[in-house]
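# Working through the structure, step by step
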Amino acid sequence: MVQSLEQALKQFFGYDRFRPGQRQIIEQAIKNKDLLVIMPTGGGKSLCYQLPALLKPGLTVVVSPLIALMQDQVDSLVDNGIGATFLNSSIDWQEMRSRQEQIINGKIKLLYIAPERLLTSRFIEFLDRIARKIGIATFAVDEAHCVSEWGHDFRPEYRQMIQLRRRYRKVPTIALTATATKRVRQDIIEQLGLKNAIVHISSFDRPNLYYEIRPKNNRSYQVLLNYIRNNQKAGIVYCLSRRSVDEIAFKLQKDGIKALPYHAGMEEADRTSHQNRFLRDDVQIMVATVAFGMGINKPDVGFVLHYDLPSNLERYYQESGRAGRDGEPAQCILFYSAGDTRKIDYFIEQKEDPQEQRIAKQQLNRVVDYAEGLECRRTVLLSYFGEKFAGNCGRCDNCLNPKPIEDWTIEAQKFLSCVARCKEKFGIVHIIDVLRGSKKKKVFQYGHHLLSTYGIGKDKTIAQWKVLARALLNQNLVGETTDGYRVLKLNKASWEILRKQREVHIAVNKRSDSQSLVDAYVSETEILFDRLKSLRKYIADRNSVAPYIIFADSTLKLMARSKPQNPEEMGRISGVNQYKLEQYGDRFISEIRDFCATQKPPVPLPTHSQTITLQFHQQGLNPQEIAKQRGFFPTTVYTHLSELIEMKQPVNLDRLVEKERQKIILDAIKKNGSESLKTIREHIGKSYSYDEIKLVRAWWKREQE
Ligand code: ADP
Ligand code: ZN
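Reading the values: rules and limits
Residues numbered from 1 in each chain as written. Chains lettered and ligands numbered in written order. Predicted model: local features only at pLDDT ≥ 70, side-chain atom pairs only at ≥ 80, totals over all residues. Heavy atoms only, no water. Donors = N, O, S within 2.8 Å, 3.2 Å for Na, K, Ca; no water. Tetrahedral: all angles 85-135°; square planar, octahedral: opposite > 155°, others 65-115°. Helix = DSSP H or I, 4+ residues; strand = E, 2+ residues; numbered from the N terminus. Buried < 20%, exposed > 50% of the residue type's maximum accessible area, 1.4 Å probe, protein only. Near = heavy atom within 4 Å. Polar contact = N/O pair within 3.5 Å; in protein donor to acceptor, adjacent residues only side chain to side chain. Areas by Shrake-Rupley, 256 points an atom, 1.4 Å probe, with all protein chains shown as cover. Nonpolar A, V, L, I, M, F, W, Y, C, P; charged D, E, K, R; others polar. Patch = residues over 30% accessible without salt bridge, like charges linked within 9 Å, V, L, I, M, F, W, Y side chains within 5 Å. Salt bridge = Lys/Arg side-chain N within 4 Å of Asp/Glu carboxyl O. Lys, Arg positive; Asp, Glu negative; His and termini not counted. Charge placed at Lys NZ, Arg CZ, Asp CG, Glu CD. Core = buried A, V, L, I, M, F, W, Y, C linked by side-chain atoms within 4.5 Å. Domains from an automatic or database assignment. Pairing = 2+ DSSP bridges. Axes fitted to C-alpha atoms, helices over the stretch in contact; angles between N-to-C directions. pLDDT = per-residue confidence, 0-100. Contact = heavy atoms within 4.5 Å. Phe/Tyr/Trp six-rings, centres within 6.5 Å; stacked < 30°, edge-to-face > 60°. Lys NZ or Arg CZ within 6 Å of the ring centre and 35° of its normal. Parallel < 35°, antiparallel > 145°, perpendicular 65-115°, else oblique. Expected span 1.5 Å × (residues − 1). Arc of directions from axis to C-beta.

Next up on the list: the coordination of the zinc ion (ligand 2). Ligation of the zinc ion (ligand 2) by protein atoms is provided by Cys376 (SG), Cys393 (SG), Cys396 (SG) and Cys399 (SG), these donors lying 2.3 to 2.4 Å from the ion. Classification of the site at the zinc ion (ligand 2) as tetrahedral follows from its four donor atoms and the range of 97 to 121 degrees in their angles at the metal. Look at where the donors of the zinc ion (ligand 2) fall in the sequence and you get C-x16-C-x2-C-x2-C. Of this pair, cysteine 376 sits in the loop between α15 (354-372) and α16 (377-383) while cysteine 393 sits in the loop between α16 and α17 (397-400); the two residues are 17 residues apart in sequence, bridging distant segments of the chain. Note on cysteine 376: relative accessible area 7%, which makes it buried.

Attention now moves to the site of ligand 1. The environment of ligand 1 is formed by 15 residues, the closest being Tyr15, Arg17, Gly42, Ser46 and Arg325. A distance of 2.6 Å separates an oxygen atom of ligand 1 from a polar atom in the side chain of tyrosine 15. Within the backbone of arginine 17, one N or O atom sits 2.7 Å away from a nitrogen atom of ligand 1. Out of a free accessible area of 570 Å², ligand 1 has 81% covered by protein chains. Of all the elements, helix α3 (residues 45-55) adds the most residues to the shell around ligand 1, at three residues. Considering only residue class, the shell around ligand 1 consists of five nonpolar, six polar and four charged.

Taken together, Arg97, Arg129, Arg132 and Lys133 make up a surface patch of like positive charges. Among the elements that make up the positive patch, the one with the highest residue count is helix α7 (residues 121-133) (three residues). With respect to the helices and strands, the residue lysine 133 is situated in helix α7. On the basis of relative accessibility, which here comes to 53%, the residue lysine 133 falls in the exposed class.

We now examine the nonpolar core. With 109 residues, the main nonpolar core has Leu118 and Leu127 as its most contacted residues. Two domains each put at least three residues into this core: domain 1 (2-201) and domain 2 (209-400). With 28 residues, the next largest nonpolar core counts Cys422, Ile428, Val434 and Leu473 among its residues.

Our focus in this paragraph is the sheet that holds strand β8 (residues 209-215). Taken together, six strands build an open sheet; the order of strands is β8-β13-β12-β9-β11-β10 and the sheet is parallel. Looking at the sheet topology across the chains shown, the edges are occupied by β8 and β10 (259-262). In this sheet, adjacent strand axes meet at a mean angle of 20 degrees when their direction is disregarded. Summarising the sheet, strand β9 (residues 234-238) and strand β12 (residues 301-306) pair through five bridges and their orientation is parallel. If you follow tyrosine 238 over to β12, its bridge partner there is histidine 306.

Our focus in this paragraph is the confidence of the model for the chain. Per-residue pLDDT for the chain has a mean of 88; in total, 95% of the residues score no lower than 70. Below pLDDT 50 for its whole length, residues 511-522 participates in 19 contacts with residues either more than four positions away or in separate chains.

Tallying each qualifying case throughout the model produces 13 aromatic pairs. Plain terms: the ring middles of tyrosine 346 and phenylalanine 347 are 6.3 Å apart, the flat faces sit at 65 degrees to each other, and that makes the pair edge-to-face. Residue classification places phenylalanine 347 among the exposed residues on the basis of a relative accessible area of 51%. Ring centres of phenylalanine 551 and tyrosine 584 lie 5.8 Å apart, and the angle between their planes is 70 degrees; this geometry places the pair in the edge-to-face category. Placement of phenylalanine 551 in the loop between α24 (547-550) and α25 (553-562) and of tyrosine 584 in helix α27 (residues 578-598) is noted, with a sequence separation of 33 residues between them. Feature note: the residues Tyr262, Phe278 and Phe292 constitute an aromatic cluster, connected by ring pairs. Taking NZ or CZ as reference, arginine 661 lies 4.2 Å from the ring centre of tyrosine 688, over its face. Above the plane of the ring of tyrosine 690 lies arginine 681, whose end atom (NZ or CZ) is 4.7 Å from the centre.

Time to look at the packing of helix α28 (residues 608-618) against helix α30 (residues 634-646). Where α28 meets α30, the closest approach of the two axes is 10 Å, and the angle between their N-to-C directions is 95 degrees. With respect to α30, the element α28 is oriented roughly perpendicular. Side by side, α28 and α30 meet where Ser609, Gln610, Thr613, Leu614 and His617 of the first sit next to Val637, His640, Leu641, Glu643 and Leu644 of the second. For the contact of α28 with α30, the per-class residue count stands at four nonpolar, five polar and one charged.

It is worth spelling out the pairing of β9 at this point. Judged by how many residues are buried, β9 sits mostly within the fold: five of five residues are covered. Residues Ala234, Ile236 and Tyr238 line one face of β9 and the alternating positions Gly235 and Val237 line the opposite face, and both faces are buried. The pairing of β9 with strand β11 (residues 285-288) spans four bridges and is parallel. Note that in β11 the partner of isoleucine 236 across the bridge is methionine 286.

In this section: the pairing of strand β5 (residues 136-141). With six of six residues buried, β5 lies mostly within the body of the structure. Sheet topology places strand β2 (residues 59-63) next to β5; five bridges connect them, and they run parallel. Bridge pairing in β5 places leucine 59 opposite isoleucine 136. Examined bridge by bridge, β5 and strand β6 (residues 173-177) share three bridges and lie parallel to one another. Bridging from a neighbouring strand, alanine 140 pairs with isoleucine 174 of β6.

Following the criterion strictly, the structure yields 36 salt bridges and no others. The partner of lysine 440 in a salt bridge is aspartate 433, with the nearest N and O atoms 2.7 Å apart. Assessed through its relative accessible area of 41%, lysine 440 is described here as partly exposed. Residue aspartate 433 is classed as buried on the basis of its relative accessible area, which comes to 10%. Taken together, the shared-partner salt bridges in this structure form one network comprising Lys216, Asp308, Asp340 and Lys343.

The next thing to look at is helix α10 (residues 220-230). Within an α-helix, residues lying three or four positions from one another point in the same direction, as the helix has 3.6 residues per turn. Burial in α10 covers these residues: Ser220, Tyr221, Val223, Leu224, Leu225, Tyr227 and Ile228. Here the buried face of α10 lies against β8, β9, α11 (242-254), β11, β12 and β13 (330-336).

Let us look at the packing of α30 against helix α34 (residues 690-704). To characterise two packed helices, one gives the angle between the axes of the helices and the distance between these axes. Packing of α30 against α34 brings their axes to within 8 Å, and their N-to-C directions diverge by 10 degrees. By the angle between their axes, α30 is roughly parallel relative to α34. For the pair α30 and α34, contact is made by Thr635, Tyr638, Thr639, Leu641, Ser642, Ile645 and Glu646 and by Asp691, Lys694, Leu695, Ala698, Trp699, Lys701 and Arg702, respectively.

A few words on helix α12 (residues 268-279). Under the 1.5 Å per step criterion, the end-to-end length of α12 is 16 Å for 12 residues, consistent within 8% with the ideal 16 Å. Taken as a whole, α12 has its buried residues at Arg271, His274, Gln275, Phe278 and Leu279. Looking straight down α12, one finds that the buried residues subtend no more than 135 degrees of arc, so they occupy a single side. Contacts made by the buried residues of α12 are with α4 (67-78), β9, β10, β11, β12 and α24. Once α12 finishes, aspartate 281 follows within two positions and takes phi at roughly 65 degrees, a positive value.

Okay, structure coming up:
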C-alpha cells in the first residue's frame, strides 16, 4: 500500500499536518541522508526521526543524554501504540534481557539509549546481532550539541560516537539540537562524522509565544500572584538565587497556589519528586533556578515568568522557550528593574579573569537592551541568533502597546540639579521628597526645605519621578553607588544635561501593570475543556504517566469545541489516532455526552400547528389573515410566531414590527428586563401592543443565547 506521509502522520501520531520543516526533513531521512536538524524547542524535532523510523525497515537507535527524557519519549510513543523502549541504568538485569529479546524479535522500532552504554563492547556485540538480523535503520543523536565543547552541556561520551560511524558505514545519522551557534554546528558535523550532511535550520521564531517586560518593584510579588491566579495553566517562575526560589515558593504556597521549589541545593530525591509532580499536573507552579529545565519536556507549560534578570539572552531564550512547546499560545514575562542589573554587575565584578568579565558584561548589556528596548522584543531576541525579523510581530508588549517617547529634559534638569544641591549624598526617594516639597522630618533635618529645588516638582507624581529616575539610571545619565546605599552620583552625562548640552527622552508607560488577563466570561467550551482535563488527569494517574502523554491540550480543546459524540467523530480530531481511540475514546466520548446532556436542552422543534402558521407566514399572509384562515384569535397566531422566533425558525420580524418600533421596544427590554411585558409596555406607552412586544422579546431572547 502506498501511503502518503500525511496519512502516516495521522495513523501513527494522530496529527493532521506537519509543522514547518518536518516534511522535508522526513523525506530526506527516508532517503538515508545524513542530516543536521536545528530547530527551536517545541519545533517538533522528535517526529523528524520517529516517523522515518516507522516507515523504514530495521531498528532506529536514538542516542539521548538524559534518563528522564528517554522515559518521557518512550511513554509517548508507547501510548501511541508504537514499539519503543529504552535501555539505561534505571532498569534491572532481567528487564534488560527481556527488552533485548523484544528488539531482536523485531518488536521494537525505536530504541533509546545513553551514549556511555551504546559504546560498551557488550552493546556493540548486540548491535552487530541487530545489524545482521533486522538491520539498523538510523542513528538519531538527540541534543547533539552535547558533542561540542563550545555548547553548554558538553558530554565527552558523545565524542566516541564516531566509532559507530566507522563500524556501520551504511547507516545514516541524523543529529538534532536546539542550540544554534555556528561553532557548535561545525563541531557536530565533524565530531559525528556526518557525510555530505544536509543542514536544516529552522527559524528560531516561536510564533505562539508572547513576550512582555513588566516593571519590577515592591508590588511585583502581588502582580505575580494575580497573574498566576488568573492563569490556570502550568507555569515556571525563574529566580536568580536558591534563597529567592525558596522564598517565592513559600509565599505562593501561603497564598494558596500549588507551587514547589526546585534548585541545586535540594536533595536529589526531592528534586525528582518535585519535577514529577509538576509534570503530572499535581502542582501548577515550579519556582526554580536555572538548575531546572534541561530535559523538561513538558509540552503544556502556559507561561514562564522570570522574576529575576537572566544573565544572558541565549539563556533567556532557552528558559522562556520552555513555554508552549505544544504550539498553544503561551506567555513569557520578564520582571525587570535596573537594580537587578546592578546586582548582576556586582557578581561580574567579582570575576577574576578580565576577559570573562568583559564577555559577561557584554552579555548582560544585551539583556538590558532587550528589556529596555522600545522595539519589537521578538526582533531583538532573534537578532541575537543572527536572524532578521521584519519588526512588528504583533505578539509582544512593544508591538501591542507602543510606548510614547516624551521629552523630559526639563524634568531631568530639575532632578539632577536637586541631586547636586543635596551634595550627591542621597538616593532616589529622598530626592523625590525634596522635589515634591515633602514635609518629612528627614527633609527638614538636613535643611533641604531651604534648597531652591524644594517643591519645584509638585506637578509630577512620585511614580512619575521614579520612572524618570530609573530611565536616567538605565540610560547611564546618572550614576549610583553599589555599596547597598544606592546614593545618586552625577556623571559626565548628568553635567551635560544640566548644561543644556543633552536632551533626555524617556518611554512613558501609560498602561497599568495590573492589566487584567482574565475574561470573566467562561464559555461552555471552557467548562467542558476543564472536565476533559480532569478525566485526563485521572487516567494519567492510574497509568502513572504525565497527562500530556494521554492527549495534548490542543487535542482536548478541539474535543471541547467540536464535542464528538461517537468514535468516528472522535477519530477525526487532530491528535487522536486509532490506538488512542481504542484506549481512551469511549471514556472521553461519554464525558462529552454527559456534559452535553446537562447543558440547556436543545431548541425544541415546532409543533404541527405552529408549522402551519409558519407556512402561512412564509406565503406572505399577515397575522390577522392567518388567524382568519385558521379560525384562531390573532393573539394565538402572535404566540405561535413568537415561539417560532425563539426556536430559530425563519420568521421575518421586520414584516411584523416596524424597525423603528423594534428599536424602542428593545431599548425598553434592556432597561427593564424581559420578565414582565406589562413593565415594558408601561415604559414605552399604550401605542405598543402586547403582541408586538412579545415578538421583539422573543427575538431578543434568541439573540441572548
Ligand atoms: P522538540 O524536541 O523540538 O522540542 P518535540 O518533538 O518534543 O519538540 O515536539 C513538541 C510537541 O509538539 C510535542 O508535544 C509533539 O507531540 C508536538 N508535535 C510535533 N509535531 C507535531 C505536528 N506535526 N502536529 C502537532 N503536534 C506536533
Ligand atoms: Zn513584537
